[in-house]
Amino acid sequence: MPSSSNKKTRMKEPPTSPKGMQDIIGDSYYRYQGFFEKAQEIAVYYGFGPIETPILEKEEVFTSGVGQDTDIVEKEMYSLKTKGGTHLVLRPEGTAAVVRAYMENGFQSLPQPVMLYYYGPFFRHENPQRGRMREFRQFGLEILGTPKSIADAIIIRTTTAILKEMGFKKLCVNVNTLGDKESRNAYVRELVSYYRKHVNALCANCRQRLKNNPLRVLDCKEEKCQPLKAEAPESVNFLTPDSQQHFKEVLEYLESMEVEYNIDKTLVRGIDYYSKTVFEITTTDTEIPEAGAIEETPAGEDSKKTSEARAAVPPMPPLTIAAGGRYDYLAKQLGSRKDVPGVGASIGVDRVLTHPQVKPLDPKIIKKPKVYFIQLGFEAKLKSLSVLEILRKAKIPLRQALAKDSLIAQLAVAERLAIPYALIFGQKEAVDNTVIVRNMDTRSQETVPMAELADYVKKIK
RNA sequence: GUGCCUAUGGUGUAACGGUUAGCACUAGGGUUUGUGGAGCCCUCAGUUCCGGUUCAAAUCCGGAUAGGCACCCCA
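What counts as what
Residues numbered from 1 in each chain as written. Chains lettered and ligands numbered in written order. Predicted model: local features only at pLDDT ≥ 70, side-chain atom pairs only at ≥ 80, totals over all residues. Helix = DSSP H or I, 4+ residues; strand = E, 2+ residues; numbered from the N terminus. Buried ≥ 20, exposed ≤ 12 C-beta atoms within 10 Å, placed from the backbone. Contact = placed C-beta atoms within 7 Å. Axes fitted to C-alpha atoms, helices over the stretch in contact; angles between N-to-C directions. Left-handed = near helix turned anticlockwise from the far one by under 90°. Nonpolar A, V, L, I, M, F, W, Y, C, P; charged D, E, K, R; others polar. Pairing = 2+ DSSP bridges. Near = placed C-beta within 6 Å. Core = buried A, V, L, I, M, F, W, Y, C linked by C-beta atoms within 7 Å. Right-handed = clockwise from strand over helix to strand, strands pointing away. Expected span 1.5 Å × (residues − 1). Arc of directions from axis to C-beta. Bend = angle between axes of the 7 residues up to and from the residue.

A. Expanded view of the overall build of chain A. The number of helices and strands found in chain A is 17 helices and 16 strands. Buried positions account for 34% of the 461 residues belonging to chain A. Across chain A, contacts joining residues at least 24 apart in sequence account for 74% of those joining residues at least 6 apart.

Structure below.
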């Protein structure tokens, strides 16, 4: 390998994280942690219990669950073949895996319905952009084993409750129904015959969809397809009495919950297993409070750049932050002998946490340390281990300086890490059996007897 | 897959085609190992890569790569 003479030869560039996948560090870590704790807490209040499924699943879970002709399966799955020849994929979504787990673990013999929540990373191989990473995190809710509309309502209710708790003021639930199998078949037949008549006016993409997955034609954003879409038959007009009743009840629940909703007759979703209720949740909060943040740059040279930047940013269309629906036929598609009706939703955690409206919640269990432990001199270091022990038993998270000896240097680190309190433990304190607690902000400090340390520290937070 | 934009130390930035690529922050070390967020000194570290135009390229051109944004689709 030729290498330029004045450049140090390095064996190779150090690796970076894969495209669309990021390290979660520092404050961001605590934000995720805070969200997951809060979301779990709320899920539990509504009656959900936890489940965690493997990150890898057999490929057929998604090919027969999500649907062969969906984009997710067709072009977005990370797949691998094991040495034994099994085809595994990184899970692109949660529902199919939870249904698999339901069947595998005999949940059908539990009291029905079974209400589950889960969270973790999911993977789709697409081009990263705002609000879409290749590795992303979802928090999901599922109610399995009942066809009743109240389950749909509880799912939407719990989802919106979590989102509101995160600081969203105005949520809008876009909702539609695809009907049961009978309704859906009748509708699809009608839809296909309608579009067949106008096949020449359709974009190439839609022609393909018409063959493989006709409902998706309604999803098309192509200009030329819009007029046709407006005239297209609507699923609500093909509902069986049962499906109609179900939809009506769901809407009534939404009204009584005072959840803002909007019936979107072309909402069909990109996953095949849905039946009856489908919904997507967006926020109608008008964003761009970035303007304030941008204002901070001093006027002058920078202002040109700033205004250019602002002009370059078009008003951001709201991202869907959660979505879901009913999937009464999914279990059978996955090989269940009998139907397991279910309904679920999942929240796009990354989208939620990057939304300007969201106020980050501090985690309660994995706490951000509030104290920095400083030790001076060997005598104190010897005893410091038992001080740490006291603090550990009192469940006080901390950071500490192991490698620095000078007080100044250690205080500087505490400052740099923005930790509000320093615990100073030196020769004198070691002899007196005390610790100095210093408020980094006010610089006031107090000498606290060892026995009272834990209580004292707990109180100051 | 497709289109648009971008590419300088770890980070943020500067350099009419013409000095030794400048500055700030960070990090490490030092400045008497007990009260800091200050100062001073030292150190590590950069033009993404390949080619072209030119006496001369960080700067212009082409390509590659990576990232951002958008489409498709989705959480």
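Moving on from the model shown.
B. Highlighting the packing of helix 5 (residues 149–165) against helix 9 (residues 241–256). The interhelical angle for the contact between helix 5 and helix 9, taken along N-to-C directions, is 35°, at an axis separation of 9 Å. The two elements helix 5 and helix 9 cross, and the hand of that crossing is right-handed. Contact residues: Ser149, Ile150, Asp152, Ala153 and Ile156 in helix 5; His246, Glu249, Val250, Tyr253 and Leu254 in helix 9. Of the residues that constitute the contact of helix 5 with helix 9, the class distribution is six nonpolar, two polar and two charged.

C. Seen up close, the pairing of strand 4 (residues 87–90). Alignment of strand 2 (residues 56–58) against strand 4, held across three bridges, turns out to be antiparallel. From the neighbouring strand, Leu56 faces strand 4, where its bridge partner is Leu90. Strand direction decides the pairing type here: strand 3 (residues 79–81) and strand 4, joined by three bridges, are antiparallel. Looking at the pairing, Lys81 lines up with His87 of strand 4. Joining the antiparallel neighbours strand 3 and strand 4 is a turn of five residues, in which Gly85 adopts a positive phi near 95°.

D. Spotlight on the protein's contact with RNA strand B. Around RNA strand B, 46 residues are found, and the nearest of them are Lys221, Gly270, Gly348, Glu415 and Gly426. Those elements giving two or more residues to the surface near RNA strand B turn out to be strand 6 (135–144), strand 10 (322–326), strand 11 (342–348), helix 13 (349–354), helix 15 (407–416), helix 16 (427–432) and strand 15 (434–439). Of the residues belonging to the surface near RNA strand B, the class tally is 16 nonpolar, eleven polar and 19 charged.

E. Spatial organisation of the sheet that holds strand 4. Spatially, 2-4-3 is the arrangement adopted by the three strands of the open sheet, whose pairing is antiparallel. With one partner strand each, in any of the chains shown, strand 2 and strand 3 form the two edges of the open sheet. If you compare each strand with its neighbour and ignore which way they point, the axes differ by 35° on average.

F. Geometry of the sheet that holds strand 8 (residues 261–263). Here we have eight strands laid out as an open sheet, ordered 1-5-6-11-10-9-7-8, and mixed in their pairing. Where the open sheet ends on each side, the last strands, each with one partner, are strand 1 (49–50) and strand 8. Inspection of the sheet shows strand 1 paired to strand 5 (residues 114–123) by two bridges, in the parallel sense. Looking across to strand 5, one finds that Pro50 is bridged to Tyr117.

G. Up close: the nonpolar core. One finds Val99 and Leu163 to be the most contacted residues of the largest nonpolar core, which totals 78 residues. Tallying contributions element by element places helix 5 first for this core, with seven residues. Within the second largest apolar cluster, 19 residues are counted, among which are Val371, Ile396, Ala401 and Ala430.

H. Just the pairing of strand 12 (residues 371–375), in detail. Within strand 12, five of the five residues are buried, which leaves it mostly tucked inside the rest of the structure. Side chains Val371, Phe373 and Gln375 project from strand 12 onto one buried face, and the interleaved Tyr372 and Ile374 project onto a second face that is buried too. Handedness of the crossover joining strand 12 and strand 13 (residues 398–400) through helix 14 (residues 378–393): right-handed. Here strand 12 runs beside strand 14 (residues 421–425); their pairing, made up of five bridges, is parallel. Note on strand 14: the bridge partner recorded for Gln375 is Phe425.

I. Fine view of helix 6 (residues 181–197). For helix 6, built from 17 residues, the straight-helix expectation of 24 Å at 1.5 Å per residue is met to within 8% by its first-to-last C-alpha distance of 24 Å. Where helix 6 is concerned, the buried positions are Ser183, Arg184, Tyr187, Leu191 and Tyr195. Seen from one end, helix 6 has its buried residues packed into an arc of 85°, which puts them on one side. Turned more than 90 degrees away from the buried face of helix 6, the exposed residues are Asn185, Ser193, Arg196 and Lys197. Summarising the contacts, the buried residues of helix 6 are in contact with helix 7 (204–212), helix 9 and strand 9 (275–283).

J. Expanded view of unusual backbone geometry. With an omega of -5°, the peptide bond between Gln112 and Pro113 qualifies as cis. Secondary-structure assignment places Pro113 in the loop between helix 4 (95–104) and strand 5. Positioned with a positive phi, Glu258 is a non-glycine residue whose angle comes to about 55°. Along the polypeptide, Glu258 turns up in the loop between helix 9 and strand 8. Unlike most non-glycine residues, Ala418 shows phi in positive territory, near 55°. Relative to the helices and strands, Ala418 is located in the loop between helix 15 and strand 14.

K. Quick peek at the environment of Val173. When you line up the elements, Val173 lands in strand 7 (residues 171–177). With 21 C-beta atoms counted inside 10 Å, the residue Val173 sits in the buried group. Every residue in contact with Val173, bar those within four places of it in the chain, is listed here: Ile156, Leu254, Val259, Glu260, Tyr261, Phe279 and Ile281.

L. Structural view of helix 14. Across its 16 residues, helix 14 extends 24 Å between first and last C-alpha, which sits within 8% of the 22 Å expected from 1.5 Å per residue. A bend of about 35° at Ser384 is the largest found in helix 14. Three or more residues of helix 14 are buried, namely Ser384, Val387 and Leu391. Contacts from the buried residues of helix 14 go to strand 12, strand 13, strand 14, strand 15 and helix 17 (450–460).

M. Structural view of the environment of Thr284. Its place among the elements puts Thr284 in the loop between strand 9 and helix 10 (290–295). Along the backbone, Thr284 and Glu165 are 119 residues apart, and their C-alpha atoms lie at a distance of 16 Å. Not counting residues within four places of it along the chain, the set of residues in contact with Thr284 comprises Lys170, Cys172 and Pro318.

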